[in-house]
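# What the coordinates show
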Amino acid sequence: AIPVRSSRLPSLSDAMPAPAHLFPLIRNCEISRICSTACYCHHKHLCCLSSHFAHSHFRYAPQKKFAALYRPKENFNYFIHARDYASTPQRFYLTPPQVNSILKANEYSFKVPEFDGKNVSSVLGFDSNQLPANAPIEDRRSAATCLQTRGMLLGVFDGHAGCACAQAVSERLFYYIAVSLLPHETLLEIENAVESGRALLPILQWHKHPNDYFSKEASKLYFNSLRTYWQELIDLNSGETTDVKEALINAFKRLDNDISLEAQVGDPNSFLNYLVLRVAFSGATACVAHVDGVDLHIANTGDSRAMLGVQEEDGSWSAVNLSYDHNAQNEHEVERVKMEHPKSEEKSLVKQDRLLGLLMPFRAFGDVKFKWSIELQKRVVESGPDQLNDNEYTKFIPPNYHTPPYLTAEPEVIHHKLRPQDKFLVLATDGLWETMHRQDVARIVGEYLTGVHHQQPIAVGGYKVTLGQMHGLLTERRARISSVFEDQNAATHLIRHAVGNNEFGTVDHERLSKMLSLPEELARMYRDDITIIVVQFNSRVIGAYQNEEL
C-alpha cells in the first residue's frame, strides 16, 4: 500500500404519544425484530449484523404499516420513565464528568505549523469529533496534508444502509483526489517506483484519531484500483496544469465507479468478495474541503454541509453556506433528476421527498440499487455469497425502476477566496444541521474561538416566565460563559450545544444527561450520528496573501 506518515432535535413539547403496544416490545427486547422488517436497511443489512436496534439514518422509507414505529411518539420524559426494564427504576442522570467523558471520547485536534518547509499555511489547525447514535456509528471523518502538492484535505462522510461505504470512501477518496492533483512527472515517478519495487513517495500525511481505522484486508485491492487510475492519467496526459475543481469531480466519480466495478468483478477471497459487495450496496454522502492558501474548494455529494464563519466589523458572527443539500428541498436538484429521465417518470421520481420514494439524498457513493440495471443486480446477488443472497434488502428492487442510474456521486464544487474576516470553516454531517441553525453554529463556534460573547436578549418564545425563572436563566447563562473553556475542542463544544440546548438556547445539563444516557434502541429516534470538523484559519497569513495579489 502507499506509505503514509501519521502524525433539529424533536422538541420535548412537539413529540407525539407512543402506542401502548410499543413498550412491551421494548421491555422484551423485541423492537429490533419488529423494526428489522420495517425498513430495508437496518441491522439485517450486511454491515450491521447486530441484535441491537440500529436505525440507519432513516435514509430509506419504511413500509407504511410500520411507519408508526419510526417516529418519537411521546414526550422525551415519557420514554425515560418507561424504562422499567432497566436494573434501577428510579430516574438516572449522568454526572458532569460522565457527560464529558462521553462527549470527548472521539475528539481530535491538530495544530498546523505555519511554515512546513515549502509553504506558509492559511490553516491554524482543526478540531474534530463524533457522537454516535447508530450502533455502530455510520459516520466517518478524514483529514490529511497533501505532501506532493500543496494544501490540506478534510472531509465528513455520512453512511446509510450500513457503515461499509462510508468507511471505504473515508479511506480512499483523498488518495484519488491527491493523485488527480499530481503533475505528470510525479505520476511517472510513482509508477516507475512501483515497477522497480522501490519505496514510493508518500502522498498524504494523515491526521487521525486512534478510532479512525483503515481496512488492512482491502489495502491491496484498493491500491490496485488506485494504480489503474493513475496509469490512465499518465496515458491521458495533456501537459496542462490540473484544475482543482476538475480534479475533485474526477476523483469522486472515479472512486464511485471503482466501488461499482469491484463489486461486479468480485474477488476470489471470500472475505474481500463480501466486503466489496457490502460497500457497493450501502451508501455514503461526502463533504470535502481542499484548502490551499486563500483558495478554498468545497466538493459536496449529498446532504452534509460546509459553512464559513465570518466575523463582521462589529465583532458579531455570520454564516456563509458553501454547499447545497442534494435532496428534495433543493428545487434545482429535483429539476436535475427530472431532466435525466423520461417525462413519463416525472411523478414517480420523487415521492414523499425521497428518490423513488425511498432514498433521501439525491447524490451518494455506492447505493448500486439505484444505479445498476435490474439484470445486473440480480446476477450479482444470485452469484454472490449466501449472506448477500439471503438478505431481503439486497434482493429488493426499488419501485418504478425503469431508466437507471437514478443516483450519481458527482459532487457540486464551490470555490471561495478566503478573506481575513473568514475565521473558520465547519464541515458536518446532517446530524448537526437537523438540530441547529447555521447562524447559531457560527455564533457558538466564533464565541468559543475568540472568548468574546455578544449577549442577545433572552428569548422566551411565548412562554410565561416569572421573575424568579428569568433570574435563573440569567444565572445559567453566566455560568455557561464562565465554563465555556471546559471544552478544549471546538467540535466538542458544538456537539454539547447540539444535544443539550433547551428551548432558551442554553445548555441544559439534565437534558444533555438524558440524551446521552438513552439506550441504543432509542437514541436513533431522537438524533442522528453527528460528525463535525472545525477548521480555524490564520487571518494574518490570509491578509498577506491578499496583499501579494494586490
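Calculation criteria
Residues numbered from 1 in each chain as written. Predicted model: local features only at pLDDT ≥ 70, side-chain atom pairs only at ≥ 80, totals over all residues. Heavy atoms only, no water. Helix = DSSP H or I, 4+ residues; strand = E, 2+ residues; numbered from the N terminus. Buried < 20%, exposed > 50% of the residue type's maximum accessible area, 1.4 Å probe, protein only. Areas by Shrake-Rupley, 256 points an atom, 1.4 Å probe, with all protein chains shown as cover. Polar contact = N/O pair within 3.5 Å; in protein donor to acceptor, adjacent residues only side chain to side chain. 1 Å grid on protein atoms, 1.4 Å probe; cavity = no way out; pocket = protein on both sides within 12 Å on 5 of 7 lines; lining within 4 Å. Points joined across faces, edges and corners; volume = space filled by probe spheres on them. Nonpolar A, V, L, I, M, F, W, Y, C, P; charged D, E, K, R; others polar. pLDDT = per-residue confidence, 0-100. Contact = heavy atoms within 4.5 Å. Core = buried A, V, L, I, M, F, W, Y, C linked by side-chain atoms within 4.5 Å. Pairing = 2+ DSSP bridges. Axes fitted to C-alpha atoms, helices over the stretch in contact; angles between N-to-C directions. Phe/Tyr/Trp six-rings, centres within 6.5 Å; stacked < 30°, edge-to-face > 60°. Lys NZ or Arg CZ within 6 Å of the ring centre and 35° of its normal.

Take the overall build of the protein next. Regarding its fold elements, the protein presents 21 helices and 16 strands. Counting only residues that meet the buried cut, the protein has 56% of its 550 residues in that class. For the protein, the exposed area adds up to about 24200 Å²; of that, 52% sits on carbon and sulfur atoms.

Our focus in this paragraph is helix H18 (residues 490-500). Within H18, eleven of the eleven residues are buried, which leaves the element mostly enclosed by the surrounding structure. Listing the buried residues of H18 in full gives Ala490, Ala491, Thr492, His493, Leu494, Ile495, Arg496, His497, Ala498, Val499 and Gly500. Where H18 begins, the side chain of Asn489 points an oxygen toward the backbone nitrogen of Ala491, at a separation of 2.8 Å.

As a further point, take empty space enclosed by the protein. One number sums up the size of the second largest cavity: a volume of about 60 Å³. Taken together, Tyr108, Phe126, Ser128, Arg141, Ser142, Ala143, His207, Lys208, His209, Asp212 and Ile533 form the lining of the second largest cavity. Those elements that place two or more of their residues in the lining of the second largest cavity are strand S3 (123-131) and strand S4 (139-146). Considered class by class, the residues forming the lining of the second largest cavity number four nonpolar, four polar and three charged.

Looking now at the confidence of the model for the protein. Averaged over every residue, the pLDDT of the protein is 82; residues scoring 70 or more account for 77%. Across residues 3-58, confidence stays below pLDDT 50; counting only partners more than four residues off in sequence or on other chains, it has 158 contacts. Within the model, pLDDT remains below 50 along residues 62-90, and this stretch shows 68 contacts once partners closer than five positions in the same chain are excluded.

Right, let's talk about the nonpolar core for a bit. Of all hydrophobic cores here, the largest spans 62 residues; its most connected members are Leu173, Phe174, Ile177, Leu204 and Phe365. Per-element accounting of this core gives the leading share, 13 residues, to helix H5 (residues 164-181). Not counting chain neighbours up to four residues away, the residues in contact with Phe174 comprise Ser142, Ala143, Ala144, Leu153, Leu154, Gly155, Phe157, Leu204, Trp206 and Val288. Counting 35 residues, the second largest nonpolar core, distinct from the first, contains Leu94, Ala491, Ala498 and Val534.

For sheets, the rule is that strands pair by backbone hydrogen bonds, running either parallel or antiparallel. As summarised here, the arrangement of the six strands in space is S2-S3-S16-S15-S9-S10, forming an open sheet in which the pairing is antiparallel. Across the chains shown, the open sheet's two edge strands, defined by having one partner strand only, are strand S2 (108-111) and strand S10 (317-321). Across the sheet, the mean angle separating the axes of adjacent strands is 20° when strand polarity is ignored. Pairing of S2 with S3 involves four bridges; the strand directions are antiparallel. Across the sheet, residue Lys111 finds its bridge partner in S3, namely Gly125.

A few words now on unusual backbone geometry. With an omega of 0°, the peptide bond between Ala135 and Pro136 qualifies as cis. As for its placement among the helices and strands, Pro136 is situated in the loop between S3 and S4. With an omega of 5°, the peptide bond running from Pro404 to Pro405 counts as cis. With respect to the secondary-structure elements, Pro405 resides in the loop between helix H14 (392-395) and strand S14 (412-417).

The next point concerns the side chain of Glu262. As for its placement among the helices and strands, Glu262 is situated in helix H8 (residues 244-265). On the basis of relative accessible area, Glu262 is assigned to the buried category, the value being 10%. Discounting chain neighbours no more than four positions away, the residues touching Glu262 are Arg172, Leu221, Tyr222, Ser225 and Val276.

Next up on the list: the packing of aromatic side chains. Per the counting criterion, the structure on display carries twelve aromatic pairs. Taken together, a centroid distance of 5.8 Å and an interplanar angle of 5° make the contact between Phe174 and Trp206 stacked. Of this pair, Phe174 sits in helix H5 while Trp206 sits in strand S6 (residues 204-206), and the two are 32 residues apart along the sequence. The pair formed by Phe174 and Trp206 is uniform in burial state, with each residue classed as buried. In this structure an aromatic cluster arises from ring pairing among Phe157, Phe174, Tyr175, Trp206 and Phe214. The residue whose ring lies beneath Lys208 is Trp206, and the NZ or CZ to ring-centre distance is 5.2 Å. Geometry around Tyr274 places Arg278 over its ring, the cationic atom sitting 5.7 Å from the centre.

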